[in-house]
Amino acid sequence: MAATPVTNLESRTTTRLRSLCLSEYLVLALTVLMFAALAPFTPGLGTSANLLNALGYLLPLFIVAVGMTLVMITGGIDLSVTSIIALTSVVGAKLMTSDGGGTPAIIGVLVMLALGAGLGALNGAVITMLRLPAFIVTLASMMFLSGFAVWLTQSKNIYGLPGSFLALGQRLPIAFALTAALGVAAHLMLRRTVFGRWLYAVGQNATAAHISGVPVRAMTFAAYVASGLCAALASVMLTGRLETGSPVLGREILLDIIGATVVGGTSLFGGMGKIAWTFFGVLFLTVLDNALNLLSLSQFSITITKGAVILFAAVLDAVRNRFVVGRS
Amino acid sequence: MKRITSFPLTFVALFGALLCGGCGKSDPDGNTSPPSAPGAKKLNIGVAFETLQTEYWVAGFEAIKAELKKRDITMLEAVADQDASRQLQQVKTFITRGVDGIILVPKDAKTCIPMIRAANEARIPIVLFNRPADKTDAVSTAVVADNRTLTRDTVAYMIEQAKKTGTKHKAMVVLGDLGDINAIGRRDGFEDAVKGNESVIQVVSRVPSEWNQEKAQAGVANALQANPDISFIFTSSDFLFPSITSALKAAGRYKKIGEPGHVILGGFDGDATAYQMLKDGYLDATGVQDVYFEAQQSVQALLDRREGKTVGELILDPGFVIHQGNLNEMAPRMWGANIKK
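What counts and what doesn't
- Residues numbered from 1 in each chain as written.
- Chains lettered and ligands numbered in written order.
- Predicted model: local features only at pLDDT ≥ 70, side-chain atom pairs only at ≥ 80, totals over all residues.
- Helix = DSSP H or I, 4+ residues; strand = E, 2+ residues; numbered from the N terminus.
- Buried ≥ 20, exposed ≤ 12 C-beta atoms within 10 Å, placed from the backbone.
- Contact = placed C-beta atoms within 7 Å.
- Rg over C-alpha atoms; globule rule 2.2 N^0.38 Å.
- Pairing = 2+ DSSP bridges.
- Axes fitted to C-alpha atoms, helices over the stretch in contact; angles between N-to-C directions.
- Parallel < 35°, antiparallel > 145°, perpendicular 65-115°, else oblique.
- Left-handed = near helix turned anticlockwise from the far one by under 90°.
- Nonpolar A, V, L, I, M, F, W, Y, C, P; charged D, E, K, R; others polar.
- pLDDT = per-residue confidence, 0-100.
- Expected span 1.5 Å × (residues − 1).

Structural notes on the overall build of chain B
Counting its regular elements, chain B contains 12 helices and 12 strands. Looking at chain B as a whole, 53% of its 341 residues qualify as buried. In chain B, the proportion of contacts linking residues at least 24 apart, taken out of those at least 6 apart, comes to 74%.

Remarks on the overall build of chain A
The number of helices and strands found in chain A is 14 helices and 0 strands. Start at the N end of chain A and walk to the C end: the helices and strands fall as α-α-α-α-α-α-α-α-α-α-α-α-α-α. In terms of overall dimensions, chain A is globule-like: its C-alpha atoms have a radius of gyration of 21 Å, near the 20 Å expected for 328 residues. Reported as C-alpha extents along the three principal axes, the dimensions of chain A are approximately 80 × 55 × 35 Å.

Describing the sheet that holds strand S12 (residues 320-323) of chain B
Residue and element names in this part refer to chain B. A sheet is described by the order of its strands in space; here 6 strands give the open sequence S7-S6-S8-S9-S10-S12, paired in mixed fashion. Taken across any chain shown, the strands that pair with only one partner, and hence form the sheet edges, are strand S7 (201-208) and S12. Averaged over neighbouring strand pairs, the angle between their axes works out to 20° when direction is ignored. Strand direction decides the pairing type here: strand S10 (residues 285-288) and S12, joined by 4 bridges, are antiparallel. Considered in S12, the bridge of threonine 286 is made with isoleucine 322.

Thoughts on the packing of helix H4 (residues 81-96) of chain A against helix H6 (residues 134-153) of chain A
Residue and element names in this part refer to chain A. Packing of H4 against H6 brings their axes to within 8 Å, and their N-to-C directions diverge by 25°. For the element pair H4 / H6, the angle class is roughly parallel. The handedness of the crossing between H4 and H6 is left-handed. Contacts from Ser83, Ile84, Ala86, Leu87 and Val90 of H4 reach H6 at Ser141, Met142, Leu145, Ser146, Phe148, Ala149, Leu152 and Thr153.

Overview of the interface of chain B and chain A
Across the contact, 44 residues belong to chain B and 44 residues belong to chain A. Those elements giving two or more residues to the side of chain B that touches chain A turn out to be helix H1 (2-23), strand S2 (74-79), helix H3 (84-96) and helix H4 (113-121) of chain B. Sort the elements by how many residues they give to the side of chain B that touches chain A and H1(B) lands first, with 13 residues. The class makeup of the residues in the side of chain B that touches chain A is 18 nonpolar, 14 polar and 12 charged.

Some points on the environment of B:Gln53
Structurally, B:Gln53 can be placed in the loop between strand S1 (44-49) and helix H2 (55-70). For the pair B:Gln53 and B:Asp81, spaced 28 residues apart in the sequence, the C-alpha separation amounts to 8.4 Å.

Some thoughts on the sheet that holds strand S3 (residues 101-105) of chain B
All names here are of chain B. Pairing in this open sheet of 6 strands is parallel, and the strands run S2-S1-S3-S4-S5-S11 from one edge to the other. Of all strands in the sheet, those bounded by a partner on one side alone are S2 and strand S11 (314-317). Along the sheet, successive strands turn relative to each other by an average axial angle of 20°, direction set aside. Of the strand pairs in this sheet, S1 and S3 are connected by 5 bridges, and their pairing is parallel. Looking at S3, one finds that valine 47 is bridged to isoleucine 103. Against the sheet, helix H10 (residues 291-306) engages S1, S3, strand S4 (126-129), strand S5 (141-145) and S11, with an angle of about 170° to S5.

Structural notes on the packing of helix H3 (residues 48-73) of chain A against helix H12 (residues 254-264) of chain A
All names here are of chain A. Between H3 and H12, the shortest axis-to-axis distance is 9 Å and the interhelical angle comes to 60°. Between H3 and H12 the crossing geometry is right-handed. Listed contacts from H12 to Leu61, Val64, Ala65, Met68, Thr69 and Met72 of H3 are Asp256, Ile257, Ile258, Ala260 and Thr261. Partitioned by chemical class, the residues of the contact of H3 with H12 number 8 nonpolar, 2 polar and 1 charged.

With respect to the confidence of the model for chain A
Mean pLDDT for chain A: 89, with 93% of residues reaching 70 or above. Taking the mean pLDDT of every element in chain A, the minimum, 67, falls on helix H1 (residues 8-22) of chain A and the maximum, 97, on helix H5 (residues 105-129) of chain A.

Focus on unusual backbone geometry
Backbone geometry follows two general trends: most residues other than glycine have a negative phi, and most peptide bonds adopt the trans configuration. Residues and elements named next belong to chain B. Phi is positive for arginine 123, close to 60°, though the residue is something other than glycine. Relative to the elements of secondary structure, arginine 123 occurs in the loop between H4 and S4. Overall, arginine 123 belongs to the exposed group, with 12 C-beta atoms counted inside 10 Å. The phi dihedral of tryptophan 211 is positive, around 55°, even though this residue is not glycine. Following the sequence through the fold, tryptophan 211 ends up in the loop between S7 and helix H7 (213-226). Residue classification places tryptophan 211 among the buried positions, given that 23 C-beta atoms sit within 10 Å.

Here we look at the confidence of the model for chain B
All names here are of chain B. Chain-level pLDDT for chain B is 87 on average; 88% of the residues reach the 70-or-more range. Confidence drops under a pLDDT of 50 for residues 1-5, and excluding neighbours within four residues, the segment shows 3 contacts in the predicted structure. Predicted confidence is poor over residues 21-37, with pLDDT under 50, and the contacts of this stretch with residues over four places away or in other chains come to 35 contacts.

Describing helix H5 (residues 147-165) of chain B
Residue and element names in this part refer to chain B. Helix length check: H5 (19 residues) gives 28 Å between terminal C-alpha atoms against 27 Å at 1.5 Å per residue, within 8%. Among the residues making up H5, those that are buried are Asn147, Leu150, Thr151, Arg152, Asp153, Thr154, Val155, Tyr157, Met158, Ile159, Gln161 and Ala162. Looking one or two residues beyond H5, the residue adopting positive phi is glycine 166, at roughly 75°.

Quick notes on the environment of B:Pro318
Residue and element names in this part refer to chain B. For proline 318, the position within the fold is in the loop between S11 and S12. A residue is classified by how many C-beta atoms lie within 10 Å of it, and proline 318, with 12 of them, is exposed. Sequence separation between proline 318 and tyrosine 254 is 64 residues, and the spatial gap between their C-alpha atoms is 31 Å.

Some thoughts on helix H11 (residues 216-242) of chain A
With 27 residues, H11(A) ought to run about 39 Å at 1.5 Å a step, and its terminal C-alpha atoms sit 39 Å apart, in line with that. Within H11(A), 25 of the 27 residues are buried, which leaves the element mostly enclosed by the surrounding structure.

Right, dumping it as structure tokens:
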């Protein structure tokens, strides 16, 4: 049977649509367009004070999203990141204040990072060794770690942190330098190293990767360690910014983290994602959130809008997958 | 490939330039409008709430809105969804917009301190509504209910009702989130009232709710199972009453005043649920936060600070106890009764 001929118009439309969906800079372009469209009637949006304020909010979000990107590239998800933020916050704060004998800030930070990596390793070990779904494992660890953080502090915040520690979250140049270093390192790792290629291979087709000699379990494990480490680094900044070790720190930002990663273009199905894309996604959500706040919309409107945007991004992800790899 | 690699680096450079451009000044930015002289233009007040998840906060929000409208002041709103980091950003956004004052309902007494400092640095007056900050060099005024005294008076009324029965009562207290200074005050007020009345009241259960209805329900149900003869319950917030009444109903213990087996019930806040329970005869008393007074005092304190007047660090709302004996008289002042209307 002869195939139905496709008209030139259909072909051009499909090609343009494909180009648009597959463009690396789609989200960035949308961010710039949104900014340009809102700036004329959003008071203060374009001022450097506002942009710096937004940057302060963006940096820790981006850090956690970097870890989430690595996990999602392998086809997984990490729901425990916000609990890791909270637990590392209170453990570090306890150590650095009189409760823990006033440990120097550098030791406190190292302990927080080690704890975050360790908790990520625990997630990774359970997922890879017991072959349990990442969603369930990280959901369980989210609940456990969250409860543990509250129990450890009896719901109380911990104050009186050393100034050298607070600077990590409050001095924007320091926070920016840390974030940029992490972002660039993660970007280069994914783009330039065998490790990075293996991560993609695991996400695209774990079976084929295994047959090809890729250490699938080790890669998956490493991704969760990285996610835990990133969450801990974000915790350092957030704790410093708020001057408080809090057992509920970051509790409400999980959707923002996952949403920003998906909006940026990292696929929920695995095998696709870039640090630059995640940056664009975090930037988009931050500018959106900032603009809607400046417009003094109700929080309900802001939440509904962000939810709609994330849903759109998830649909776009499915469409992109259909175009790229023919996944249904 | 080159373009993809260099683009993130370009972005890093761009942001770095932005950072250097903005960081030279000790104040956030020369674009921030200094607070206007009184009477020069319509004022803008930023109102930042931690949450609007309970009736009390919604009532407080609406009361502030009404008070500002009455004074022809524009309100800019922000709700942080219980995220202190988001609230810090929202307060800084208000500062960027050059608001003339900020009313803040903080998540807790400590995380609000950087927010107060940011407002101080921008020379924008800031008032805390219903939750004070911890002791700090940052300058603000807090308008709060006198949680301890009001709770003590409410529980004292309940104890008087207990004395009339001529029997000793086993008591349960449902505590709030002890990270919240209001919850601590109410706990202390309860203990103050009970002290010296041990012949009438024996506290057998202290349920930690962490301001969570599910936890409260589970805790109350467990306590009733362990002590089936509990006949005196005080809750640190009326919003937990649905959980408590659910547990009481499941145990067959939810009886009206005057009915055999009535459990002496008392609460704090004065919400619509408490009002209905009072009208229906199930609730003995509740301590009411005078949300209209708190809103009026918050706005006034802000305006006074703008004008350079001396304003204390703490303004106390004495509130009042509403019970079966004064329900009709006090209901018009009870914010929960007005929601019902």
